[in-house]
Amino acid sequence: MQVVKEYVRRWYESGLDPDEYICHKRQGNFVEIEEAETGKRRTVLTFCTNDVLGLTQEDSVKQAAVDAIWQYGTSNSSTSVLSGRIDLHRQLENEISAFKHLPHTQLFLNAWMAVQALMDAFCHLAIPVSGFQNDRETLILTDVLNHGCIVTAVANAGTRSGKMFGHSPRVRVRAYRHCDVEDLARKLKRYAQPNDRILVISDAVFSMDGDIAPLPEMIDVLANYPDSVLVMDEAHASGAIGATGRGIYEHFGLTPQDAIDRGITPLIMTTFSKFAASAGAAISTHVPELKPLLNVSPTSIGTISLPAPTTAAALESIRIVTKEPDRVRLLQENTRYLRSQLEADGFAAIGETNVVPVLLPPELNPKVYARELLNCGVWVSPIWFIAKPRIRITVNTLHTKEEMDRLVTSMVKMRDLVYKPTISA
């Protein structure tokens, strides 16, 4: 433990520890927060919530969660394959399948467990079956800037969860340059071997850069590899891009069927913590046989199923998004407005989505800048040790132009005090 103590001491001395705030109550985009270190409380305008469509405070969503508690209790207290499956799970799976245009959906407690389950199911085929020999190796190609849940899952893909010493065919993992389809094609040509099972996985919207994966070009490349699998993590895409919020396929004027027609198996991961006012994740597919494999993966069979109130909140949220696409339109309008205002004032905002990273000079600690903004009553997320120095702003449907103007005005004011802007070339 002495090594741990010394490490943490130096970590704190280096300023790498995040500032901690405790939320007490929220009304719209105004949040009462407490500074954990001092106990100081203040009410601030937040631009760091992922509640992109403002549904966590929707009365019908809250009521759906309450009603589910009275009907089912607070927890199902069992795994889905034993006694933990409830009718709300089936309803939510059906809603997601319809929303994503893929007929078979499996639920998980979170995205980390969902992606790990996929690696177990795809690479290792879950349960040894008498008379069936799994002898095909897997090649996984992953974008270098994929989310941590993907990075962790592919790093562990070589061994099935819970079976550390079990034998399975080899899994080879290669990274390709960020959103670089030419590099993806080169890596596939270089590393793909006859009889490989090929899986390419990418964020749809990248959480730190706010940009969008080049889906049509990725499909063009994978069409040269029949029976390949293309996984899109739509955590930041669902509810945010596409005319009705259905995600990256809709954004490019496609459906998953377009991939299927070219010999590719499209998989979509949906998460509920951003557009669906809840928690949890799901993987959708057109291959019915994949669902039972996912259902008996260690991250499904080894833990409880999605709790009833969480499931009900996600279910009601998705129904609202389906019935009220204007919420998505307003989010996209807000995104364009804020990005235009930032650009007009000389800030280097990258990407194109409601995730708005603003790059800062390397000599400036984003924590310092974020603290100064907090003194102006504006709360943003500083990023300083997992990516290029930046603040990450997230726009949502509830933001008014006045609130966005207040953000930009505060950013200009603090910029004049602590740094000069860096403009992208």
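Here we summarise the structure given alongside this text. (Residues numbered from 1 in each chain as written. Predicted model: local features only at pLDDT ≥ 70, side-chain atom pairs only at ≥ 80, totals over all residues. Heavy atoms only, no water.)

For the protein chain, the count of helices and strands is 16 helices and 14 strands. Here the C-alpha coordinates of the protein chain stretch approximately 70 × 55 × 55 Å along the principal axes. In the protein chain, which comprises 425 residues, the share counted as buried stands at 52%. Across the protein chain, the fraction of contacts at a sequence separation of at least 24, relative to all contacts at a separation of at least 6, is 73%. Carbon and sulfur atoms make up 54% of the accessible area of the protein chain, which totals about 19,400 Å². For the protein chain, the centre of its 44 positive side-chain charges and the centre of its 49 negative side-chain charges are spaced 4 Å apart. (Helix = DSSP H or I, 4+ residues; strand = E, 2+ residues; numbered from the N terminus. Buried < 20%, exposed > 50% of the residue type's maximum accessible area, 1.4 Å probe, protein only. Contact = heavy atoms within 4.5 Å. Areas by Shrake-Rupley, 256 points an atom, 1.4 Å probe, with all protein chains shown as cover. Lys, Arg positive; Asp, Glu negative; His and termini not counted. Charge placed at Lys NZ, Arg CZ, Asp CG, Glu CD.)

Attention now goes to the environment of Ala-175. Within the secondary structure, Ala-175 sits in strand S6 (residues 171-176). As a C-alpha pair, Ala-175 and Leu-141 span 34 residues in sequence and 5.6 Å in three-dimensional space. The residues contacting Ala-175, other than those within four sequence positions of it, are Thr-142, Val-144 and Lys-187.

Let us now look at the packing of aromatic side chains. Under the defined criterion, the tally for this structure stands at 4 aromatic pairs. For the ring pair Tyr-21 and Trp-379, a centre distance of 5.9 Å and an interplane angle of 75° mean the geometry is edge-to-face. Here Trp-379 lies in strand S12 (residues 378-379) and Tyr-21 lies in strand S1 (residues 21-27), a separation of 358 residues in the sequence. Of the residues examined, Tyr-21 reaches a relative accessible area of 22% and is grouped as partly exposed. The interplanar angle of 15° and the centroid separation of 5.9 Å between the aromatic rings of Phe-99 and Phe-275 together place this pair among those described as stacked. One end of the pair, Phe-99, is in helix H4 (residues 87-100); the other, Phe-275, is in the loop between strand S9 (265-271) and strand S10 (281-285), and 176 residues separate them in sequence. Note on accessibility: Phe-99 and Phe-275 belong to one class, buried. Taken together, Tyr-7, Trp-11 and Tyr-12 form an aromatic cluster joined through their ring pairs. Above the ring of Tyr-191, the side-chain terminus of Arg-174 is found at 4.5 Å from the ring centroid. Over the aromatic face of Phe-347 sits the side chain of Arg-415, whose NZ or CZ is 4.5 Å from the ring centroid. (Phe/Tyr/Trp six-rings, centres within 6.5 Å; stacked < 30°, edge-to-face > 60°. Lys NZ or Arg CZ within 6 Å of the ring centre and 35° of its normal.)

Because an α-helix packs 3.6 residues into every turn, residues spaced three or four apart end up facing the same way. Residues of helix H8 (residues 215-222) that are buried include every one of Leu-215, Met-218, Ile-219, Val-221 and Leu-222, and no others. The buried residues of H8 occupy an angular sector of 160° when the element is viewed end-on, so they sit on one face. (Arc of directions from axis to C-beta.)

What follows is about the side chain of Glu-93. Examined against the element boundaries, Glu-93 turns out to sit in helix H4. Given the relative accessible area of 4%, Glu-93 is considered buried. Contacts of Glu-93, omitting those with residues within four sequence positions, involve Arg-85, Thr-105, Gln-106, Leu-107 and Lys-291.

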